[in-house]
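# An overview of the molecular structure
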Amino acid sequence: MTSMNVETCTVVIFGAMGDLALRKLFPALYQLDRMHLLPDGVRIMALGLEIETEATENARIIGSLRRFVPAEELDEDALGRFVERLCYQAMDFLLAEDYLLLADRLEGHGQLIAYFATPAALYGSICAGLAGVDLAGRTRVVLEKPIGHDLKSSRVINNEVAQYFPEDRTYRIDHYLGKETVQNLVALRFANSLFETQWNHDYISHVEITVAEQVGIEGRWGYFDKAGQLRDMVQNHLLQLLCLLAMDPPSDLSADSIRDEKVKVLKALAPINPSLLFGQVVRGQYVKGYIQGQAVPGYLDEPNANAESDTETFVALRVEVRNWRWAGVPFYLRTGKRMPEKLSQIVIHFKAPPHYIFAAEQRPLIDNKLIIKLQPNESITLQVMTKEQGLDKGMQLRGGPLQLNFSDAFGTSRVPDAYERLLLEVMQGKQNLFVRKDEIEHAWAWCDQLISGMRAQGESPKPYVAGSWGPTGSIALIARDGRNWYGDA
Ligand code: BG6
C-alpha cells in the first residue's frame with residue numbers, strides 16, 4: 001500500500017477502447033501514477049472486442065493521453081511507467097470462454113477492480129461471466145451511469161449485479177461526487193457552525209443550482225436522444241447536489257451515514273404531477289446559434305439527428321423539499337447544453353433581516369448570498385452588506401464579496417479530475433462518494449413521475465438559441481416568485 005492506503009490491485013476496464021475510458025479513465029489513472037499514488041504492483045488490464053496487438057493498443061492509449069492530458073502534465077518518465085502497467089485482452093463480454101481466458105490472465109493478481117465502461121445492458125452478463133470463473137469474490141465492481149432509463153430498468157440492472165456482488169463491493173459512479181468543490185460542500189456545511197445554524201427555512205429564502213454546458217451532443221445523439229437532459233443530468237448530478245445541500249448533518253462521515261441522509265432528502269422531494277407542471281417545469285431544445293463567436297447547429301441539425309425529436313436539451317425546475325428544515329424554500333434547478341458558458345454554480349439566497357433600519361430606497365440592495373462555484377475556477381463567495389466608505393457617504397449601503405478562490409488562496413496549481421478521486425477511492429475501498437442502490441431508485445422514482453407527467457401533457461420543448469440561457473419560460477419560472485437567476489447577463 002502507499003501512504004494513501006491504495007491497495008495493490010488490478011484495474012480491469014471493460015470497454016477500454018470506448019470514449020469514456022480513453023477520455024477519462026486512462027488519463028485519471030495516468031495522473032495518479034504521475035503523482036506516485038499507485039503502488040508498484042497496480043496493473044491495468046484493458047478489455048474490448050476491438051483490442052489488437054499490444055503495440056497498437058499502447059500507441060492508442062498514449063495517443064489519447066497526449067490528447068486529453070494537458071501538455072505540461074505529460075511527463076515522459078511517468079508515461080513510460082504507466083505503459084508498463086498496461087496489458088490487454090480481446091474479449092466478447094457475452095462469451096463464457098472469454099472469461100476463462102480472462103481468469104487465466106488474472107491468476108495470482110489478488111484484488112480486482114472491474115470497471116464497467118460499457119452500456120448498462122451488459123452489466124448483468126459481465127457480472128455473471130466473472131462469477132462463472134470464480135473471480136467475483138475478489139472483485140469490486142464500478143458501474144457507470146446511466147443505470148437504466150427509469151426505475152424499472154434500473155432495478156433490473158441493480159438486481160442482476162446484486163446476484164453476484166454485495167452492495168459493499170458495488171461502486172456506482174456519479175462523477176459529480178468526485179469533484180473537489182462538491183466534496184467541499186460537506187466541509188463548508190458541517191465544519192462551519194456559522195453556516196449550519198442558518199441552513200434552514202428561517203434564514204434561507206431560496207436556492208439556485210445551475211449546471212450549464214457549452215458543449216452540445218458531442219456525437220452522442222443516439223444515446224442522448226433517448227435520455228434527454230432530465231435523465232442525463234438531473235436524475236443524477238443535480239439531484240446529488242441538491243441532496244448534499246439539503247441533507248441533515250450525518251452522524252459521522254461513513255458512507256452509509258451520508259447516504260442515509262441523502263435518501264431522506266430524495267424521499268422528501270415533492271412530486272411534480274401533471275397539474276403542477278406549469279410554473280414548475282420548463283423544457284427547451286437548442287436551435288442554431290453562436291458559442292464564443294462560432295456558429296453551431298441546432299439539436300435537430302446535429303449529425304444523425306431525427307428531425308422530429310422532442311427530446312429536451314435544457315430543463316429548469318422549481319423543486320420543493322417537504323420537510324421541517326426546508327418548508328417553503330424553493331430550489332430552482334436548471335441545466336442545459338449549448339449555454340453561453342460552462343458553469344456549475346449553487347447560490348444560496350438568505351432572507352432579509354427581520355427589522356429594517358436603513359434608508360427605504362436602499363432596501364432592495366439587501367441580499368446576502370452564498371455563491372459556490374463548482375466549475376470552472378472553484379470559489380466560494382459570501383455576498384455581504386457593508387457601508388460605503390467616505391465622509392460624504394453617511395450610512396449608504398453597498399454589497400461586497402468575501403471571497404475564497406481556491407487556486408489563489410491555497411496555491412492549488414491543478415484541481416484533480418473527478419475520476420482521479422473516484423478511482424483512488426475504489427482502490428481504497430471507500431464508498432462515501434458512490435451512490436447506493438436505494439438512492440438511485442428514489443431519484444428515478446421522482447424523475448419517472450415527472451417524465452410521465454410531461455408525456456401526458458404532450459408539450460414539445462421550447463426552442464432556445466444556442467449560446468443563450470435557455471427558453472424565456474425559464475426566466476418566467478423564477479420571475480413568477482419575484483426572483484431572477486443570479487448572474488444571467
Ligand atoms: C455526463 C453527461 O454525466 O456529465 C454529459 O452524460 C455531460 O452529457 C457531463 O456533458 C458533464 O460533466 P462535467 O464534469 O463536464 O460537468
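Before going into details, it helps to say that this report is about the structure given with it. (Residues numbered from 1 in each chain as written. Predicted model: local features only at pLDDT ≥ 70, side-chain atom pairs only at ≥ 80, totals over all residues. Heavy atoms only, no water.)

Quick look at the overall build of the chain now. Counting secondary structure elements, the chain contains 14 helices and 17 strands. Over its C-alpha trace the chain gives a radius of gyration of 24 Å, about what one expects of a compact globule, namely 23 Å for 489 residues. Overall, the C-alpha framework of the chain stretches about 80 × 50 × 45 Å when taken along its three principal axes. In the chain, which comprises 489 residues, the proportion classed as buried is 53%. Look at the contacts in the chain between residues 6 or more apart in sequence, and 77% of them connect residues 24 or more apart. (Helix = DSSP H or I, 4+ residues; strand = E, 2+ residues; numbered from the N terminus. Rg over C-alpha atoms; globule rule 2.2 N^0.38 Å. Buried < 20%, exposed > 50% of the residue type's maximum accessible area, 1.4 Å probe, protein only. Contact = heavy atoms within 4.5 Å.)

Now for helix H5 (residues 123–132). An α-helical segment advances 3.6 residues per turn. Residues three or four places apart therefore align on the same side. Among the residues of H5, Tyr-123, Gly-124, Ile-126, Cys-127, Gly-129 and Leu-130 are the ones counted as buried. Summarising the contacts, the buried residues of H5 are in contact with strand E1 (10–14), helix H4 (96–105), strand E4 (112–116), strand E5 (139–143) and helix H6 (151–162). The positive-phi residue at the C-terminal boundary of H5 is Asp-134, with phi of around 60°.

So, on to the site of the ligand. The ligand sits among Lys-145, His-175, Tyr-176, Lys-179, Glu-213, Arg-220, Asp-232, Met-233, His-237, Lys-337, Lys-342 and Gln-375. In the model, an oxygen atom of the ligand is placed 2.7 Å from a nitrogen or oxygen of the His-237 side chain. In this structure, an oxygen atom belonging to the ligand sits 2.8 Å away from a side-chain N or O atom of Lys-342. Considered on its own, the ligand offers 400 Å² of accessible surface; in the complex 81% of this is hidden by protein. A per-element tally of the shell around the ligand places helix H9 (residues 221–246) first, with three residues. Taken together, the residues of the shell around the ligand break down into two nonpolar, three polar and seven charged. (Near = heavy atom within 4 Å. Polar contact = N/O pair within 3.5 Å; in protein donor to acceptor, adjacent residues only side chain to side chain. Areas by Shrake-Rupley, 256 points an atom, 1.4 Å probe, with all protein chains shown as cover. Nonpolar A, V, L, I, M, F, W, Y, C, P; charged D, E, K, R; others polar.)

Quick look at empty space enclosed by the protein now. The final tally for this structure, using the stated rule, is three cavities of 30 Å³ or more. Counted as a void, the largest cavity has a volume near 160 Å³. Together, 16 residues line the largest cavity, and Asp-174, Gln-235, Asn-236, Val-435 and Ile-440 are the ones closest to its centre. Of all the secondary-structure elements, those providing two or more residues to the lining of the largest cavity are H9 and helix H13 (437–457). No other element matches H9, which puts five residues into the lining of the largest cavity. (1 Å grid on protein atoms, 1.4 Å probe; cavity = no way out; pocket = protein on both sides within 12 Å on 5 of 7 lines; lining within 4 Å. Points joined across faces, edges and corners; volume = space filled by probe spheres on them.)

A separate point is unusual backbone geometry. The step from Lys-145 to Pro-146 runs through a cis peptide bond, and the omega angle for that step is 0°. Structurally, Pro-146 can be placed in the loop between E5 and H6. The linkage connecting Gln-375 with the following residue, Pro-376, adopts the cis geometry, with an omega of -10°. With respect to the secondary-structure elements, Pro-376 resides in the loop between strand E14 (369–375) and strand E15 (379–387). The phi dihedral of Asn-377 is positive, around 50°, even though this residue is not glycine.

We now examine the pairing of strand E13 (residues 343–350). Where a strand is regular, its side chains alternate between the two sheet faces. Among the eight residues of E13, eight are classified as buried, and the element is accordingly described as predominantly covered. Here E13 shows a buried face lined by Leu-343, Gln-345, Val-347 and His-349 and a second buried face lined by Ser-344, Ile-346, Ile-348 and Phe-350. In this sheet, E13 lies alongside strand E7 (residues 204–212) in antiparallel orientation, the contact comprising eight bridges. Note that in E13 the partner of Ala-212 across the bridge is Leu-343. With six bridges connecting them, E13 and E14 associate as antiparallel partners. Along E14, the bridge assignment pairs Gln-345 with Lys-373. (Pairing = 2+ DSSP bridges.)

A pair of packed helices can be characterised by two numbers: the angle between their axes and the separation between those axes. Taken N-terminus to C-terminus, the directions of helix H1 (residues 19–34) and helix H12 (residues 418–428) make an angle of 70°; their axes are 8 Å apart at the nearest point. Between H1 and H12, the angle is such that the two are roughly perpendicular. Our pair here, H1 against H12, has a crossing hand that is right-handed. Contact residues: Leu-20, Lys-24, Leu-25, Ala-28, Leu-29, Gln-31 and Leu-32 in H1; Tyr-419, Glu-420, Leu-423, Leu-424 and Met-427 in H12. When grouped by side-chain class, the residues that make up the contact of H1 with H12 number nine nonpolar, one polar and two charged. (Axes fitted to C-alpha atoms, helices over the stretch in contact; angles between N-to-C directions. Parallel < 35°, antiparallel > 145°, perpendicular 65-115°, else oblique. Left-handed = near helix turned anticlockwise from the far one by under 90°.)

Once that is clear, we can look at a nonpolar patch on the surface. A surface patch of nonpolar side chains, amounting to about 310 Å² of accessible area, comprises Ile-357, Phe-358 and Met-395. Position of Phe-358 relative to the elements: it lies in the loop between E13 and E14. Residue class for Phe-358 comes out partly exposed when judged on its relative accessible area of 31%. (Patch = residues over 30% accessible without salt bridge, like charges linked within 9 Å, V, L, I, M, F, W, Y side chains within 5 Å. Salt bridge = Lys/Arg side-chain N within 4 Å of Asp/Glu carboxyl O.)

Strand order in the open sheet made by the nine strands is E16-E15-E14-E13-E7-E12-E11-E8-E17, with mixed pairing throughout. If you trace the sheet from one side to the other, it starts and ends with strand E16 (397–405) and strand E17 (462–465), each paired once. Strand-to-strand twist of the sheet, defined as the mean angle between neighbouring strand axes without regard to direction, takes the value 20°. Of the strand pairs in this sheet, strand E11 (residues 314–320) and strand E12 (residues 330–336) are connected by seven bridges, and their pairing is antiparallel. Bridging across to E12, Phe-314 finds its partner in Gly-336. Each of E13, E14 and E15 touches helix H7 (residues 180–190); the most contacted strand, E14, lies at about 145° to it. In the packing of H9 onto the sheet, the strands contacted are E7, E11, E12, E13 and E14, and the crossing angle to E12 comes to about 145°.

Within this structure, the stated rule accounts for 14 aromatic pairs. For the ring pair Phe-14 and Phe-93, a centre distance of 5.2 Å and an interplane angle of 65° mean the geometry is edge-to-face. Placement of Phe-14 in strand E1 and of Phe-93 in the loop between strand E3 (86–90) and H4 is noted, with a sequence separation of 79 residues between them. Summarising the aromatic geometry, the rings of Tyr-356 and Phe-358 are spaced 5.9 Å apart at their centres and angled 65° between planes, so their arrangement reads as edge-to-face. On the basis of relative accessible area, Tyr-356 is assigned to the buried category, the value being 15%. An aromatic cluster is defined as three or more aromatic residues linked by ring pairs; in this entry it consists of Trp-221, Phe-224, Tyr-286, Tyr-299, Phe-314 and Tyr-464. (Phe/Tyr/Trp six-rings, centres within 6.5 Å; stacked < 30°, edge-to-face > 60°.)

Let us now look at the nonpolar core. If you look at the biggest cluster of nonpolar residues, it comprises 130 residues, and the most contacted ones within it are Ile-13, Phe-14 and Phe-26. At 11 residues, H9 tops the list of elements feeding residues into this core. In terms of nonpolar packing, the next biggest core, distinct from the first, is built from 20 residues, Ile-217, Val-282, Phe-314 and Ala-466 among them. (Core = buried A, V, L, I, M, F, W, Y, C linked by side-chain atoms within 4.5 Å.)

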